[in-house]
Amino acid sequence: MSSYIIKRLLQAFPQMLIITMLLFILTANLGDPLATFGGTRRRLPPADRARLEKQLGLDQPVFIQYSIWLVGNNWMDVDTDADGISDSPGTRLGILRGDLGNSFQERRPALDVISERIWPTMLLMVTSEIIVIIFALIIGTYSALNQYSFSDNLLTTLSFIGYSMPIFWLALMLIYIFSVYFQRWGLPSMPTVGMYDLNVGPTPGQIALHLVLPLTTLSVVSIASYSRYVRSQMLEVLGQDYIRTAYAKGLPEQKILFRHALKNAALPLVTIIGLDLPLLLGGTVVTEAIFGWPGMGRLFYKATNAGDIPVTMGILLLISVLVVGCQLITDIAYTYFDPRIRYE
């Protein structure tokens, strides 16, 4: 196993190089980063614009810009004054030495900007994934054990409805029902914006209350899809010879279901989770935008619109690392769920 892990880690370096190169080329062509430099939309004089392009390295070919972003250069970043212009050169160490550069909009290290937003997204993402896995396993297993019954047909219908609902529509409907209508009916309404009430502060109760609607929005669609995978795999596993043999030996049903059937049926679910987790880090753009959640999704949307290359590339780099890392963790998890899989 250790040799396999080392081999995969060595393979990850060229993979990350190719991935980041393609992402950088696409990001560099999103728009004009100087159009909103420093968070303003004022038109820069031609001389100042040319000076900024030189100081930020934007006058170089895209492959030169990528090499500067990767290994650094002593003139890539710029220390700007109140007007956003300065003649003094900055220093850029490159991502290989832990420097993502300075945000074009906020004029401070991109790593600091991303660090402030990652924990709200992690809270939303991890909590949602735990809820999804628990409910998907319960619903999928129950449906498989009661195949074609009324409850199975009902859960199947609800799953298809949940899977078919667009996230933005579901979010707006939840706001409309649990905030607007509940307030009209004189019932306690749910908060719809932010992570906590500014008048109260970031208390655990406030954060939990503000999590309810975003969590529901993220969880409904995933529960619907995950539960279908669990159901189909459980039905396939329950029809295997070793399950019938276990029943014939008189083993307790709970032991058969949880130790033998569910463990083998979880392999496709592990694959889906391994692919979904990294994408959730930056894929909650719609949910975070609608509910005003101060996370990575909103930051990514803001940075891409503004052409903020350091912040955009920092987020994409983090997601890419997580994709490669989660694939390795998924492969290792296979050996636990299916002892027949060996990597040596």
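Below or above, wherever it landed, is the structure these notes cover. (Residues numbered from 1 in each chain as written. Predicted model: local features only at pLDDT ≥ 70, side-chain atom pairs only at ≥ 80, totals over all residues. Heavy atoms only, no water.)

Section: the nonpolar core
Our working rule: Side-chain atoms within 4.5 Å link the members of a nonpolar core, which is a set of buried Ala, Val, Leu, Ile, Met, Phe, Trp, Tyr and Cys residues. Exposure categories follow from relative accessible area, calculated using a 1.4 Å probe and restricted to protein chains: below 20% of the type maximum is buried, above 50% is exposed, and the middle band is partly exposed. Secondary structure follows DSSP: runs of H or I at least 4 residues long count as helices, runs of E at least 2 residues long count as strands, and numbering of each begins at the N terminus.
In this structure, W69, I114, V311 and I315 are the most contacted members of the largest nonpolar core, which totals 33 residues. Elements that contribute at least two residues to this core include exactly α1 (2-28), α2 (46-56), α3 (62-71), α4 (110-145), α10 (267-283), α12 (296-306) and α13 (309-337). Of all the elements, α13 adds the most residues to this core, at eight residues. The next biggest cluster of nonpolar side chains, apart from the first, holds 19 residues, and it includes V237, L238, A246 and A265.

Some details on the side chain of T156
Definition in use: By the convention used here, residues are in contact when the closest approach between their heavy atoms is within 4.5 Å.
Tracing the backbone shows T156 in helix α5 (residues 150-164). Here T156 falls in the buried class, since its relative accessible area comes to 14%. Beyond its immediate stretch of four places on either side in the chain, T156 contacts R228 and R231.

Considering unusual backbone geometry
The phi angle at R107 is positive, at roughly 55°, despite the residue not being glycine. By the element assignment, R107 lies in the loop between α3 and α4. At Y148, a position not held by glycine, the phi torsion is positive, near 65°. Within the fold, Y148 resides in the loop between α4 and α5.

Observations regarding the packing of α5 against helix α7 (residues 204-238)
Put simply, the rule reads: Lines fitted to C-alpha atoms define the axes here, with helix axes fitted over just the stretch in contact, and angles between the N-to-C directions of these axes take values from 0 to 180 degrees. Roughly parallel refers to an angle under 35 degrees, roughly antiparallel to one over 145, roughly perpendicular to one between 65 and 115, and oblique to any angle outside these ranges. Handedness of a crossing follows from how the near helix is turned relative to the far one, being left-handed for an anticlockwise turn of less than a right angle and right-handed for a clockwise one.
Contact geometry for α5 and α7: axes closest at 8 Å, N-to-C directions at 135°. As the angle between them shows, α5 and α7 are arranged oblique. Between α5 and α7 the crossing geometry is left-handed. The segment α5 lies against α7, with D152, T156, S159, G162 and Y163 engaging V220, V221, A224, S225, S227, R228 and R231.

Describing the pattern of salt bridges
The criterion, for reference: Should a side-chain nitrogen of Lys or Arg be within 4 Å of a carboxyl oxygen of Asp or Glu, the pair is scored as a salt bridge.
For the coordinates displayed, the defined rule picks out five salt bridges. R108 is the salt-bridge partner of E106, the closest N and O atoms lying 2.9 Å from each other. Assessed through its relative accessible area of 25%, R108 is described here as partly exposed. Among the charged side chains, a salt-bridge network with shared partners connects E106, R108 and E116.

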